[in-house]
Structures are given as structure tokens and as C-alpha cells.
Amino acid sequence: QVQLVESGGGLVQPGGSLRLSCAASGITSSIYAMGWYRQAPENQRELVASISVGGRTTYADSVKGRFTISRVDAKNTIYLQMNSLKPEDTAVYYCYAAQIGRSTSWGQGTQVTVSS
């Protein structure tokens, strides 16, 4: 019973930056990790970044050194700072919340387009 609302996508030139946000509401006590997957046409879904309840982070090899995931401790909100964006980063980015004893919750998706 977690709802996720994400925002921050848009159109940016190669080398530019965007920051995605994802806010969770509802029964959030069961969440043990949050993050983003992305899906581009003809591509498989890819885990971009995640952050656990303990603050541990993981990143896809393709975004290491360019993306940073973080959270606001007092609120159920996470951010994905995306720097040095490349055309291959173009995708729909879906926020998720993995929960103990519940099905994973998903955001509505936000489009990131990196193009000249």
C-alpha cells in the first residue's frame, strides 16, 4: 500500500544534468530499498541505482561516476542526480520501492531524453 510519485525528467543536451525525485507515501515502514529502473525501446529493463534502508547504494556500471542516488532521512523521498548525460541514458525511468511482505511498488515513470 505504498504510492510513489516521481518527477524531474525532461529533455537535456548531452553533457547536461537532471535530478529525479521520488516520494513514497502510504504504509512505508515495510520498505527496505528504493531506486530506479529504466526502460528504453528495444532495451531490457535495467536497474540504474538503488539505496537501502541502511543507506547502502548500488549503481549500474554504465552510470557509475555520473549518477548519485540519495535520500532525505526525515522523509520517504529519494533523488537521482544525473550528470554528464549521454544519449544512451534516454529512457523512461521508473522509481520503485521494494517491500518486505508486499509487492514492489512502482512510480508512474518519467521520460529522460538526451539529445542535441
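Residues numbered from 1 in each chain as written. Predicted model: local features only at pLDDT ≥ 70, side-chain atom pairs only at ≥ 80, totals over all residues. Heavy atoms only, no water.

(A) The side chain of Asp89, seen in detail. Mapped onto the secondary structure, Asp89 falls in the loop between strand S8 (77–82) and strand S9 (91–99). For Asp89, a relative accessible area of 0% puts it in the buried group. Looking at Asp89, its side chain comes within polar contact range of the main-chain nitrogen of Lys86, at 2.8 Å. Discounting chain neighbours no more than four positions away, the residues touching Asp89 are Arg38, Val63, Arg66, Phe67, Ser84, Val112 and Val114. (Helix = DSSP H or I, 4+ residues; strand = E, 2+ residues; numbered from the N terminus. Buried < 20%, exposed > 50% of the residue type's maximum accessible area, 1.4 Å probe, protein only. Polar contact = N/O pair within 3.5 Å; in protein donor to acceptor, adjacent residues only side chain to side chain. Contact = heavy atoms within 4.5 Å.)

(B) Local environment of the pairing of strand S5 (residues 46–52). A large share of S5 lies buried, amounting to 5 of its 7 residues. Bridge count for strand S4 (residues 31–39) against S5 is 6 bridges, and the pairing is antiparallel. Opposite Trp36, over in S5, you have Ala49 as the bridge partner. Summarising the sheet, S5 and strand S6 (residues 57–59) pair through 3 bridges and their orientation is antiparallel. What sits directly across from Ser50, in S6, is Thr58. Hairpin connection between S5 and S6: a loop of 4 residues separates the two successive antiparallel strands, and Gly55 in this loop has a positive phi of roughly 90°. (Pairing = 2+ DSSP bridges.)

(C) Just the pairing of S4, in detail. With respect to burial, S4 is a largely interior element, 7 of its 9 residues being buried. Judged from the 8 bridges that link them, S4 and S9 form a sheet pairing that is antiparallel. Bridging across to S9, Arg38 finds its partner in Tyr93. The hairpin formed by S4 and S5 contains 6 residues between the paired strands, and Glu42 there has a positive phi angle of roughly 70°.

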